[in-house]
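Descriptive structure summary
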Amino acid sequence: MNDEQILQQQEMQELKQGLLHMQQQLQLLAHQLQELEQVKEAIVSLGKANKGDEILVPLDAGVYSQATVTNTKDVLMNVGANTIVTKKIDDARILVDSQIAELQKIQKDMEEEFSHVSQQMQMAQMTQRNSEEKEE
């Protein structure tokens, strides 16, 4: 194996690792988007509820508590640093919508980068094959 082939092999390894990392990040983004969509759905549902309605409040994955709606106008939101603020239902929905839009943009950019790196990897594979064929 000559120096050029060793470099090509190293480049392939780096590209594979980059693709794997991007794939993991894309999966994480998809999960976060799914969670935000569920939050948005819950906010919209709460806005349609009436005082006194019985609802199930999610505590964790698959764990719920029964609750009675006492306020259909506001929600409590964590805005970071363990700070919780009261937001109007519509303001909370708008905030969640903007978070969804931001994550979707990041996801789109990452998918484009993933595609670009995939193309680089295909080119590197073709170069490696051509190099190997010339040696034979």
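For the structure, see preceding data.
Heads up: these notes are all about the structure in this document. Since this is a predicted model, take the numbers as computed values, not measurements. (Residues numbered from 1 in each chain as written. Predicted model: local features only at pLDDT ≥ 70, side-chain atom pairs only at ≥ 80, totals over all residues. Heavy atoms only, no water.)

Description of the layout of surface pockets
Roughly 1200 Å³ of volume is contained in the largest pocket. Considering the residues around the largest pocket, the lining is formed by 34 residues, among which Q38, V39, A42, I43 and P58 are closest to the centre. In terms of residues, the lining of the largest pocket owes the most to one element, helix 1 (residues 3-48), which gives nine residues. In the lining of the largest pocket, the residues fall into 22 nonpolar, eight polar and four charged. (1 Å grid on protein atoms, 1.4 Å probe; cavity = no way out; pocket = protein on both sides within 12 Å on 5 of 7 lines; lining within 4 Å. Points joined across faces, edges and corners; volume = space filled by probe spheres on them. Helix = DSSP H or I, 4+ residues; strand = E, 2+ residues; numbered from the N terminus. Nonpolar A, V, L, I, M, F, W, Y, C, P; charged D, E, K, R; others polar.)

Let's talk about the pattern of salt bridges
Pairs can form between side chains of opposite charge whenever their charged atoms are close. Enumeration over the complete set of coordinates arrives at five salt bridges. When the shortest N-O distance is used, the salt bridge between R93 and D97 registers 3.0 Å. In this pair, R93 and D97 both sit in helix 2 (residues 89-135), four residues apart, roughly one turn of the helix. By relative accessible area, R93 is classed as partly exposed at 27%. Measuring nitrogen to oxygen at the nearest pair gives 3.0 Å for the salt bridge that ties K108 to E112. Here K108 pairs with E112, and both are found in helix 2, just four residues apart, close to one helical turn. Taking relative accessible area as the criterion, K108 reaches 48% and is therefore assigned partly exposed. (Salt bridge = Lys/Arg side-chain N within 4 Å of Asp/Glu carboxyl O. Buried < 20%, exposed > 50% of the residue type's maximum accessible area, 1.4 Å probe, protein only.)

Focus: unusual backbone geometry
In this structure, A81 is a non-glycine residue whose phi angle is positive, near 50°. Take A81: it is sitting in the loop between strand 3 (74-78) and strand 4 (84-88). Not every positive phi belongs to a glycine, and N82 is a case in point at roughly 55°. Among the structural elements, N82 can be located in the loop between strand 3 and strand 4. We classify N82 as exposed; its relative accessible area is 77%.

Details of the pairing of strand 2 (residues 63-68)
Where strand 1 (residues 54-60) and strand 2 come together, six bridges link them in antiparallel fashion. Directly across from L56, in strand 2, lies its bridge partner Q66. Where strand 1 hands over to strand 2, the hairpin turn is made up of two residues, of which G62 adopts a positive phi near 80°. (Pairing = 2+ DSSP bridges.)

Remarks on the environment of T86
The topology assignment puts T86 in strand 4. Aside from chain neighbours lying at most four places away, what touches T86 is D74, V75 and L76. (Contact = heavy atoms within 4.5 Å.)

Honestly, it's all geometry; don't read function into it.
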